[in-house]
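Close look at the chain arrangement
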Amino acid sequence: MKWFLDQKISTKMLLGFIFTVLLPIGTLSLIMSRYNAYQTEKAYAGQLRQNAAALAFQLESSLTQISNYRFCFDNTKSIQKYLIGEYSSTSEFLFNYYDSIENCFSSYANDHRVHKIEIIADNSYRIYVPDRLISTAGTDDYDALCRQAAASYSGFWESGDDGYWNYYRLIYLSGTTSPIGLLRIQADAARVLEQFTGIPSEPLYLLSGDDVYCFSDGSYRLADEPEELRGALLDGEFLTVPIRSASFMLCIPMKAWNRSPEFVFFYFTAALFSMLFFSGIYFFLNRLNIGRIIDFNRFISAQRPDDLREYSSNLYTDEIGGVIAAYNQLVNEVNHLVHDNLEASLKMNEARYYALQAQIKPHFLYNILENIRASSEIHGDHTTAGMTEIFANYMRYAMNNDTRSAPLRNELNAARNFLRINQIRLGDQLQYSFSIETELDNISCPRFVFQTIIENSIRHGKISGIPLRISIHITPSLDNAESVLIRVADNGRGIDPAMLKFAQDILSSRRIYPATKHVGLRNINDRLRSHNPDRSGLSIHSASPPDAQHGTIVSFRLYRGGEP
């Protein structure tokens, strides 16, 4: 049992199909096939017996019809007078013969089954007519025939070696039990048998005493190899039916029902096709269920603890779908916990930063900067005075201890001051522009988002000898009227494709990467996700090498109605 439970689900289903479906159905099909064959053979044997009984009945009826010609000779006075020797002269005999006796012998003239009818007498004074009135001198075993005929008042039939059946019956003197002659009716066996319906195509045999006769192809003769046929009769290979009015038995070959190869091929082909068809349906339906389990198992096996993802296949309402839905819910909750812990860590770091920042005496710094600006104005150094004023305004915003999001207008002013400071340092090598195409009311932004993006453009995107152009575009979102799209683009050197993909993976994944990898972008991305209701963050696109328009574009979305 343990070995079975350790197998894969597909192996278990295959073994279950073999032992619970294939083998039982195959065994049942074989049993039903044998049972149907037995019933068919039984019906076939029964049909053979019915045909044999019908054939025997036809034969008995035909023999009875032929034996009825005896009534033409019973109680016929002219024949009795002939047999007891009352005709004293030849002329008297001939007169009575043609007057009445000949009519009796002509009664079968139109019956092709009868070969001839004879009366056998033993008185030497009689006048004999060939094939009509004959003497016992030409008849073998006359006494034995008379004794056998005396045992049956209606007479008896026997088969002769010459292809004829002979019917014998004693003729008695009227009013007595004294036999005066023997009537023999000779029938053509082949003509008797060929008139019957239901004659099998196989040879028909008749058993008469120790002799076996064969009727085949319209001829009736002694069978070849009678000893073998008698042995086959004793072994039950023939269906035997006794003929009550005759001394022989009708034998029909008891040939077993033989299923043709075409039938066997058709049966097994149909059984095999049916089994394959229903097996295909079985495996298809099981594949719909087991395939989902296997795919889900592969997906879970490929998951990493630091990058859990939801299973995105079609979900159904069955038990498997319920398990997958529960897994997705668990992964979602785990990811939320990880994100919340990361956000808490970021906020803690931010709090520590502001705590350090609070230790500086901002008013003392502001006073020094203001004194520098005033001294520069007095001495006519307006450039230094302007730069000092810009730096003071920037520091006043940067050293604000408020940890909440700032209005977008304030963030843009801080970004403009940061760009002006760097422009004073770089001169004509740095150019910037702002394009605002929507109202900025009621839109808040996490603090210092623009500074990190601009600093990365200046540090990593500046190409020596080519002025760096930085543009900030703010447009309304096309898919959401309550949000704006912000794009910070430059014409710098762009980002290497491998590095760009790595950065995009960091921004789109919840995996924890080393702290030295893109810390600034990750902090901005996490703060934007915490700030936006749809948890959207940064998106980076870059052209490498740079085209005439831009090198790198960093875009993100902000929503109206956030923190002031």
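Going by the structure above, here's the rest.
Note that the structure is predicted; figures quoted are calculated from it, not measured.

Some thoughts on the overall build of the protein
Regarding its fold elements, the protein presents 15 helices and 17 strands. Sequence-distant contacts, at least 24 apart, represent 62% of the contacts inside the protein between residues at least 6 apart. Looking at the protein as shown, the accessible area adds up to about 32800 Å², and 56% of this sits on carbon and sulfur atoms.

A short note on helix 2 (residues 9-67)
A rise of 1.5 Å per residue sets the reference length of helix 2, with its 59 residues, at 87 Å; its end C-alpha atoms lie 84 Å apart and thus fit the reference within 8%. Roughly 35 degrees is the biggest bend found in helix 2, and it falls at Ile 18.

Focus on the sheet that holds strand 9 (residues 238-242)
Strand order in this open sheet of five strands is 8-7-6-10-9, and the pairing throughout is antiparallel. This sheet does not close on itself; its edge strands, each paired only once, are strand 8 (219-222) and strand 9. Pairwise comparison of adjacent strand axes, ignoring direction, gives a mean angle of 25 degrees for this sheet. Taken together, the five bridges between strand 6 (residues 204-208) and strand 7 (residues 211-216) define a ladder with antiparallel strand orientation. In the sheet register, Leu 206 faces strand 7, and the bridge partner there is Tyr 213.

Re the state of the cysteines
The term disulfide refers to a covalent linkage connecting the sulfur atoms of a pair of cysteines. Applying the stated criterion across every chain yields a total of zero disulfides. The thiol of Cys 104 is not disulfide-bonded; the next cysteine sulfur, from Cys 72, is found 6.2 Å away. The buried category is assigned to Cys 104, whose relative accessible area is 10%.

Things to note about the environment of Ile 117
Here Ile 117 shows up in strand 1 (residues 114-121). Judged by relative accessible area, Ile 117 falls into the buried class, the value being 0%. In this structure, the C-alpha to C-alpha distance between Ile 117 and Ile 185, residues 68 residues apart in sequence, is 4.5 Å. Discounting chain neighbours no more than four positions away, the residues touching Ile 117 are Tyr 69, Phe 73, Phe 105, Tyr 108, Asp 131, Arg 132, Leu 183, Arg 184 and Ile 185.

Quick look at the pattern of salt bridges
Under the defined criterion, the tally for this structure stands at ten salt bridges. Among the salt bridges present, the one from Arg 113 reaches Asp 111, with a minimum N-O distance of 3.0 Å. Notably, a salt bridge pairs Glu 118 with Lys 116, separated by 2.9 Å at the nearest N-O pair. Residues Glu 118 and Lys 116 agree in their burial class; the two are buried. Each of Lys 116, Glu 118 and Arg 184 takes part in one network of salt bridges that share partners.

A short note on unusual backbone geometry
One non-glycine residue with positive phi stands out, namely Asn 442, at about 60 degrees. Positive phi, normally seen in glycine, also occurs at Phe 448, with a value near 65 degrees. Following the sequence through the fold, Phe 448 ends up in the loop between strand 13 (444-445) and helix 13 (449-461).

Remarks on the sheet that holds strand 15 (residues 483-490)
The five strands lie next to each other as 12-14-15-17-16, forming an open sheet whose pairing is mixed. In this open sheet, the two edge strands, each paired with only one partner strand, are strand 12 (430-436) and strand 16 (539-542). Direction aside, the axes of adjacent strands within the sheet are offset by 15 degrees on average. Sheet topology note: the strand 16/strand 17 (residues 552-559) ladder contains four bridges and is antiparallel. Within strand 17, the position partnered with Ser 542 by the bridge is Thr 552. Running at roughly 160 degrees to strand 12, helix 12 (residues 408-426) makes contact with strand 12, strand 14 (468-476), strand 15 and strand 17 of the sheet.

Rules used in this analysis
Residue positions within a chain follow its written sequence, with the count starting from 1. The predicted origin of the model limits local features to residues at a pLDDT of at least 70 and limits the giving and counting of side-chain atom pairs to 80 or more, whereas totals for whole chains, interfaces and linings rest on all residues. Water and hydrogen atoms play no part in the side-chain values, which are based on all heavy atoms of the structure. The numbering of helices and of strands both runs from the N terminus, where a helix is a DSSP run of H or I of at least 4 residues and a strand a run of E of at least 2. Note on definitions: a residue-residue contact is assigned when non-hydrogen atoms from the two residues lie within 4.5 Å. Only the protein chains shown count as covering a residue, and every accessible area follows the Shrake-Rupley method with a 1.4 Å probe. Expected span of a helix, by definition, is 1.5 Å for each gap between consecutive residues, and there is one gap fewer than residues. The reported bend at a residue is simply the angle between two axes, fitted to the 7 residues ending at it and to the 7 residues beginning with it. What makes two strands pair is DSSP finding at least two bridges between them. The axes are straight lines fitted to the C-alpha atoms, using for helices just the contacting stretch, and the angles between their N-to-C directions are given from 0 to 180°. When two cysteine sulfur atoms are found within 2.5 Å, that pair is recorded as a disulfide. A simple rule labels every residue: compare its accessible area, found with a 1.4 Å probe on the protein chains alone, to the largest value its type can have, and call it buried under 20%, exposed over 50%, or partly exposed in between. What makes a salt bridge here is a side-chain nitrogen of Lys or Arg within 4 Å of a carboxyl oxygen of Asp or Glu, nothing more.

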